[in-house]
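Chain by chain, the residues:
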Amino acid sequence: MALSAFFGSSQAVFSAAVVLRAVFLVYGLFQDAYSPMKYTDIDYFVFTDAARFIAQGQSPYARDTYRYTPLLAWLIYPTTWLGFWFSFGKVLFAVGDIVTGWMMFRILRTYHNMSQERALKYASIWLLNPMVATISTRGSSEGLLGVLVTVLLWAVLAKRVALSGFLLGFAVHFKIYPFIYAASIIWWLDDDRIKGHRNSRPSPSATFGNQLLSFLNPQRLILALCSLLTFMVLNMIMYLAYGWPFLEHSYFYHLIRIDHRHNFSPYNTLLYLNSSPGANQNASAQPSLELERLAFLPQILLSAVLIPLVLSKRDLPSTMLAQTFAFVAFNKVCTSQYFLWYMMFLPYYLPDSTLLHSRPVGISALILWVLGQVFWLQQGFQLEFNGYSTFVPGLWLSGIFFFIVNVGILGIIIRDVKSKEPHGRELYATSKATKKTS
Amino acid sequence: MKQRRTYLVEDPDTFTPEQLEVIDGSLSLKGLEAVEEHRVTFNVDELPEEIRKFLEQWQELHIKWASLKPYTAIPPFSSRVTPGLHIFYEPRKTQPKVQLCDLLRSVFDPENECSFDLDAEEIATPVFHATEDPEPDAYLQYYSYLTTINQLVSLIEKKLLSEVFRSRNLHRPNPDPEDIAFGGFLTVLGPDAAPKPTRATDLEAPDWVVPQWGSTALFQLAYPIEHLEGLKERDWTVTIPLHLRYFPATSSSHTRVPVPWPVVFWACDAEQDGSGNPFDRKNLGYDSAFGEGKRFMHVPPKKSGNGTGKLVSWIDVPVLDTRAADWVEMGTIGVVIIAFLGLCWVLFGGGRGGRGQGIEEKKLKKKQ
């Protein structure tokens, strides 16, 4: 069968992934040149402008709305050279995609014991996904994040603890949100995991002190130390080089930002309403409780505390999927780029998932997930292009609907991971052993 | 105090000095069909103390106002600004905090929505200027959609006319007709200067968090080539997409925003030695973008304006309608809380799930 021959060859799949991105990249050049609707992401102009400021010996923050680490502008320095070099950043992000796909393939082969064909099929969820290819070739830096997070996952599964710490610190420096993985990785790194066998559970008589001591095992300490050190050293360097604007734009801005412009987040309409000056005087309703200020609570509790605690020892990659899914669904701002953050974990979760094994559940979930976006996009189109005021009820309800769909899917993911025995550890241990002997 | 009257006639040849008559130190004109420009210049120390104190805060202050009504500009006074109130300024360096709002409310428009919390530099946007030229006289600008200047007129009548004019001999026109001149265009050749773009503000930010009054833009239009070659005369359209910021939620579905009609001009290299048209007004916001020695040829706006005889387009900006938003707060918070509790139940309760077992069974079946 042609399809199985295709997925049987890593060369074929990766070539297809490269061609897909090359086609999108070239298509983007044409659309930019001939259509008033630009293919290139507005953020890409921000990055490249910032790189140009760097090339002139200035701070990247001289560019308004540059809200990233200076490293990003340095990475795409060649975009300041003329001609095709302007697309260098997009090529870099697309290469990041491919490397991410390669690491996924390796993880699936080594730690999920998949055959080459099966591993390539699941890695193709990322590699041959037009959405992923579009986002990176439009010049969004999520592809680089994909590399960081996927290599982080690989390093953790390979028990390269110091490297994991370095990658975690780097990823948080790069995009903040990967800090949620610290909890699941730390919790996952228990003694049993490292020694490859199950120790006797802490006896009920164990004192709190003993429990704490056994929790603070060397690998956890190394991870914490390495990630903190990397994070702090990077921040120190950037602060010394670029001063206060670095802290202000890369970190504080993201903590205080309020996104009023319509996006998929369920909070969006409420944020717009409550941040509007004078809106409450006009409304007949009672004054606002401003509960949206507490929006970070359910988000952080779920993604950085509860999900890691309950799930991470059962299946780390799927836990990271659930964490990211919760983080994105409950976030105060949500655009389709954020979907990439969890898509990069799907290949590890889907093989054993209800979504794939129960056709009605899987297909309904997919249809509802797409429908939620279709409803929202339709309302967004009416607002942006026809000037109709669709904020309420249209955009609000479709945002809430999409949120409910996401929470439903998250519920399925959590149930699936929860139903796994924590014996996954033996699986990892044996897979490593077989790898060594082979 | 100095006064200058300029009479603009359609055909300069129809004017002869005989039409001027000087009797007892005052001037009269006979049979002249002309538009009069009356220019009054004061020294700062001639002004009432209140105004003097106010003016002392500024290094530069230029105020232009243009009516919403279409008008025909008579050469050489052909320069234009968009309808509304334009203020170009530069606070004195030694002045700690200068308020523009005082000026706006007390002199022009008591209902202006400027904020007293912000100083004049915060609400400003930079004036365009040619990169290789020195900074323009006033490098900051403010614009306000202002339909009349009745308040200024009554202020001038009350303060200036009563105080200044009372203390002076009003009738001291220049008796020497030689001094009344009709000027030609004095121009100078200069290098083409590319306009420097204004700082792009954060376009994602909503209107109410941006202290600046708004923004101006200067576009070079791509002109159909057949026009240049004189081959065809036909209308052509330029479309400039605008980015709208979010406006505050209010008890209606749209907020109306005035967009004054733009000024459209050719910036030509001046042909003779000199510095452009001496009658051209300066500090209009766009002149400094072209450097010295440019001559501006303006395209007059359509007489009918927007259909109601005004040089303004109204844009309906869709906003969140608070009349329909009663359920937004409780609805959002309620759904989030229920979702959170539901997920906690899946995490901590809800059993280990028959679903998982279902998968196991299915796998077994497959294996069999």
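What counts as what
Residues numbered from 1 in each chain as written. Chains lettered and ligands numbered in written order. Predicted model: local features only at pLDDT ≥ 70, side-chain atom pairs only at ≥ 80, totals over all residues. Heavy atoms only, no water. UniProt positions renumbered as here; feature names shortened; annotations may be inferred. Helix = DSSP H or I, 4+ residues; strand = E, 2+ residues; numbered from the N terminus. Rg over C-alpha atoms; globule rule 2.2 N^0.38 Å. Buried < 20%, exposed > 50% of the residue type's maximum accessible area, 1.4 Å probe, protein only. Contact = heavy atoms within 4.5 Å. Areas by Shrake-Rupley, 256 points an atom, 1.4 Å probe, with all protein chains shown as cover. Salt bridge = Lys/Arg side-chain N within 4 Å of Asp/Glu carboxyl O. Expected span 1.5 Å × (residues − 1). Buried area = accessible area lost by both parts, 1.4 Å probe. Polar contact = N/O pair within 3.5 Å; in protein donor to acceptor, adjacent residues only side chain to side chain. Nonpolar A, V, L, I, M, F, W, Y, C, P; charged D, E, K, R; others polar. Axes fitted to C-alpha atoms, helices over the stretch in contact; angles between N-to-C directions. Parallel < 35°, antiparallel > 145°, perpendicular 65-115°, else oblique. Pairing = 2+ DSSP bridges. Patch = residues over 30% accessible without salt bridge, like charges linked within 9 Å, V, L, I, M, F, W, Y side chains within 5 Å. Lys, Arg positive; Asp, Glu negative; His and termini not counted. Charge placed at Lys NZ, Arg CZ, Asp CG, Glu CD.

By the naming in an unreviewed UniProt entry, chain B is Protein PBN1, taken from Didymosphaeria variabile. Under the UniProt heading Pathway (unreviewed entry), the note attached to chain B is "Glycolipid biosynthesis; glycosylphosphatidylinositol-anchor biosynthesis." Heading Function (unreviewed entry) of the UniProt record for chain B holds this comment: "Required for proper folding and/or the stability of a subset of proteins in the endoplasmic reticulum. Component of glycosylphosphatidylinositol-mannosyltransferase 1 which transfers the first of the 4 mannoses in the GPI-anchor precursors during GPI-anchor biosynthesis. Probably acts by stabilizing the mannosyltransferase GPI14."

Looking up chain A in an unreviewed UniProt entry gives the name GPI mannosyltransferase 1, with the organism given as Didymosphaeria variabile. The UniProt entry for chain A carries this comment under Function (unreviewed entry): "Mannosyltransferase involved in glycosylphosphatidylinositol-anchor biosynthesis. Transfers the first alpha-1,4-mannose to GlcN-acyl-PI during GPI precursor assembly. Required for cell wall integrity." The Pathway (unreviewed entry) field of the UniProt record for chain A holds the comment "Glycolipid biosynthesis; glycosylphosphatidylinositol-anchor biosynthesis."

Let's shift gears to the overall build of chain A. Secondary structure assignment for chain A yields 24 helices and zero strands. A globule of 438 residues ought to have a C-alpha radius of gyration of about 22 Å, and chain A, at 23 Å, matches this closely. If one aligns the C-alpha atoms of chain A with their principal axes, the spans along those axes are about 65 × 55 × 55 Å. Here chain A, with 438 residues, has 55% of them falling under the buried criterion. Counting contacts in chain A only where the partners sit at least 6 residues apart, residues at least 24 apart contribute 73% of the total.

What follows is about the overall build of chain B. A count of helical and extended segments in chain B gives six helices and twelve strands. Every one of the 368 residues in chain B was classed for burial, and the buried ones make up 35%. Of all intrachain contacts in chain B linking residues separated by at least 6 positions in sequence, the fraction that spans at least 24 positions is 77%. Accessible area for chain B stands at about 22700 Å²; split by element, carbon and sulfur atoms hold 54% of it.

The subject of this paragraph is the pattern of salt bridges. Residue and element names in this part refer to chain A. According to the stated counting rule, one finds eleven salt bridges over all chains in the structure shown. A salt bridge links Arg21 to Asp97, with the nearest nitrogen and oxygen atoms 3.0 Å apart. You can see Arg21 sitting in helix α2 (residues 10-34) and its partner Asp97 sitting in helix α5 (residues 88-111), a full 76 residues away along the chain. Judged by its relative accessible area of 3%, Arg21 is buried.

The UniProt feature table records "transmembrane region" (unreviewed entry) at residues 327-348 of chain B. What you have in residues 327-348 of chain B is 95% helix and 0% strand, and the ends, taken at the C-alpha atoms, are 31 Å apart.

Residues and elements named next belong to chain A. The terminal C-alpha atoms of helix α8 (residues 142-157) lie 22 Å apart, and with 16 residues this matches the ideal 22 Å at 1.5 Å per residue to within 8%. Extensive coverage of α8 is indicated by the burial of 15 of its 16 residues. In the stretch just after α8, Lys159 is the one whose phi turns positive, near 60°.

Here we take up the interface of chain B and chain A. Contact residues are listed per partner, giving 53 residues for chain B and 60 residues for chain A. Note on chain B versus chain A: buried area summed over both sides is about 4800 Å², and carbon and sulfur give 67% of it. Our count for the contact surface shared by chain B and chain A stands at twelve residue pairs in polar contact (both at pLDDT 80 or more). Contributing elements (two or more residues each) for the side of chain B that touches chain A: α5 (328-348) and α6 (354-367) of chain B. Of the residues forming the side of chain B that touches chain A, the biggest block, 14 residues, is contributed by α5(B). Its residues assigned to classes, the side of chain B that touches chain A shows 27 nonpolar, 14 polar and twelve charged.

Across the interface, helix α23 (residues 391-418) of chain A lies against α5(B) with an axial gap of 9 Å and an inter-helix angle of 5°. If you check the angle between α23(A) and α5(B), you find them roughly parallel. Contacts between α23(A) and α5(B) involve A:Val392, A:Trp396, A:Ile400, A:Phe403, A:Ile404, A:Val407, A:Leu410, A:Gly411, A:Ile414, A:Arg415 and A:Lys418 on the former and, on the latter, B:Val328, B:Gly331, B:Thr332, B:Val335, B:Val336, B:Ala339, B:Leu343, B:Val346, B:Leu347 and B:Phe348. Grouping the constituent residues of the contact of α23(A) with α5(B) by class yields 16 nonpolar, three polar and two charged.

For helix α22 (residues 359-384) of chain A, with 26 residues, the first-to-last C-alpha span of 37 Å sits near the 38 Å given by 1.5 Å per residue. All buried positions along α22(A) are accounted for by A:Gly362, A:Ala365, A:Trp369, A:Gly372, A:Gln373, A:Trp376, A:Gln379, A:Gly380, A:Gln382 and A:Leu383. For α22(A), the secondary structure elements touched by its buried residues are α19 (336-343), α21 (354-357) and α23 of chain A together with β12 (312-318) of chain B.

Before going further, it helps to spend a moment on the pairing of strand β6 (residues 84-91) of chain B. For a regular strand, side-chain orientation follows a simple rule: the groups alternate between the two sheet faces. All names here are of chain B. In terms of burial, β6 is largely enclosed, as eight of its eight residues are buried. The sheet contact formed by strand β5 (residues 58-66) and β6 spans eight bridges and is antiparallel. Bridged to Leu61 within β6 is Tyr89. In this sheet, strand β8 (residues 140-144) lies alongside β6 in antiparallel orientation, the contact comprising five bridges.

Right, let's talk about a negative patch on the surface for a bit. All names here are of chain B. Together, Glu10, Asp11, Asp13 and Glu33 make up a region of like negative charge exposed at the surface. Positionally, Asp13 belongs in the loop between β1 (2-8) and β2 (20-23). The exposed category is assigned to Asp13, whose relative accessible area is 70%.

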